[in-house]
Structures are given as structure tokens and as C-alpha cells.
Amino acid sequence: SDLNRKVLRRQIQSDAGGIWQNAVVKEADDGLTALEAVKAEMATGRSFDFILMDYVMHQMNGPEAVKSLRAMPGFTGIVLGITGNALPEDMLAFRESGVDDVLIKPLSKAKLLAAFQKHLKTGDDNFV
């Protein structure tokens, strides 16, 4: 939702001096738009280091979008699934789609930071 994206963006952009200090945040309001953004970024020779993918979105849900991302030649980004439902079937659907981790809402800045650090490549402190 717009509110969830706003909260996540603020958490990341308020990290002056932290691991997100050089982060470039791009947003998509549904799975199809997210896929197009990844394709466009990859066409420039760049890629996203981390993608936060919500489960419930219009046009294409999170697990469907992640399956499509993982099928893209050359895509190697970290995908963190986000859901407000801790139901086992939702968690399983996300994991089977290829996410690197699943985070349960609400997301505190500490929980989000811990997930990023868990998947951060050694010495990599710049995020797109």
C-alpha cells in the first residue's frame, strides 16, 4: 500500500551515516510495475541489490512477481518478501517463489536493518 511504501522509504532514508546512507529508493505499486522497473534497471547494466516485495498487490501478487524475477536472465538481487499474514500457506508460497527471506509486518527499522545485514555481501555498503 501507499502507506507501507512511505513508512519503509522513511525508515531507509532516515539512516544517515548507516548502511543505507547511499541507498537509492525506487518504488512500484504492483508486481508488474516492479518487474518493469527491474528490467529497465538491468537494461542500463545496473541492478537492484535488495527488493522488498509485498505479498498483496494489484495486477500481480508478490509470489508471482518473485517467480518472474527469478526467471529473468542475469537477475541476482536479494528479494525480501513482506506480508501481514503469518499464515503458514502464505509463508510457504513466498518461500517457494524464491524469496531470500520473509518479513512479517509491522516492520520496525531494527527488524528491517537486521534482514538487510543478514543478506548483505561482505564489504558491500551501497544499495540501489
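1. Some words on the pairing of strand E3 (residues 101–104)
Where strand E2 (residues 78–83) lies against E3, 4 bridges are found, and the strand directions are parallel. Along E3, the bridge assignment pairs Thr-83 with Ile-104. One crossover worth recording links E2 to the parallel E3 by way of helix H4 (residues 88–97), and it is right-handed.

2. Examining the packing of aromatic side chains
The full count for this structure, using the stated rule, is 2 aromatic pairs. Relative to Phe-116, the ring of Phe-50 lies with its centre 4.3 Å away and its plane at 20°, an arrangement referred to as stacked. One end of the pair, Phe-50, is in strand E1 (residues 50–54); the other, Phe-116, is in helix H5 (residues 109–119), and 66 residues separate them in sequence. Here Phe-50 and Phe-116 have matching classes, each one buried. When the ring of Tyr-55 is compared with that of Phe-94, the centres are 5.2 Å apart and the planes differ by 85°; the resulting orientation is edge-to-face. A residue pair is termed long-range when its members are at least 10 positions apart, and Tyr-55 in the loop between E1 and helix H3 (62–71) and Phe-94 in helix H4 qualify at 39 residues. Overall, the relative accessible area of 14% leaves Tyr-55 in the buried class. What makes Phe-94 buried here is its relative accessible area of 0%.

3. Quick word on the environment of Asn-4
With respect to the helices and strands, the residue Asn-4 is situated in helix H1 (residues 2–13). When neighbours within four sequence positions are excluded, Asn-4 is seen to be in contact with Asp-54 and Lys-105.

4. Quick look at the sheet that holds E3
Strand pairing in a sheet takes place through backbone hydrogen bonds and is either antiparallel or parallel in direction. Pairing is parallel in the open sheet, where 3 strands are placed in the order E1-E2-E3. Of all the strands in the sheet, just E1 and E3 have a single pairing partner and so form its edges. The sheet shows a mean angle of 30° between the axes of neighbouring strands, taken without regard to direction. As judged from the 5 bridges shared by E1 and E2, these two strands associate in the parallel manner.

5. Describing H5
Of all the residues in H5, the buried ones are Leu-112, Ala-115, Phe-116 and His-119. Projected down its long axis, H5 carries its buried residues within an arc of 100°, all on one side. More than 90 degrees from the buried face of H5, the exposed residues found are Ala-110 and Lys-118. The secondary structure elements touched by the buried residues of H5 are H1, E1, E2 and E3.

Each value, and the rule that gives it
- Residues numbered from 1 in each chain as written.
- Predicted model: local features only at pLDDT ≥ 70, side-chain atom pairs only at ≥ 80, totals over all residues.
- Heavy atoms only, no water.
- Pairing = 2+ DSSP bridges.
- Helix = DSSP H or I, 4+ residues; strand = E, 2+ residues; numbered from the N terminus.
- Right-handed = clockwise from strand over helix to strand, strands pointing away.
- Phe/Tyr/Trp six-rings, centres within 6.5 Å; stacked < 30°, edge-to-face > 60°.
- Buried < 20%, exposed > 50% of the residue type's maximum accessible area, 1.4 Å probe, protein only.
- Contact = heavy atoms within 4.5 Å.
- Axes fitted to C-alpha atoms, helices over the stretch in contact; angles between N-to-C directions.
- Arc of directions from axis to C-beta.

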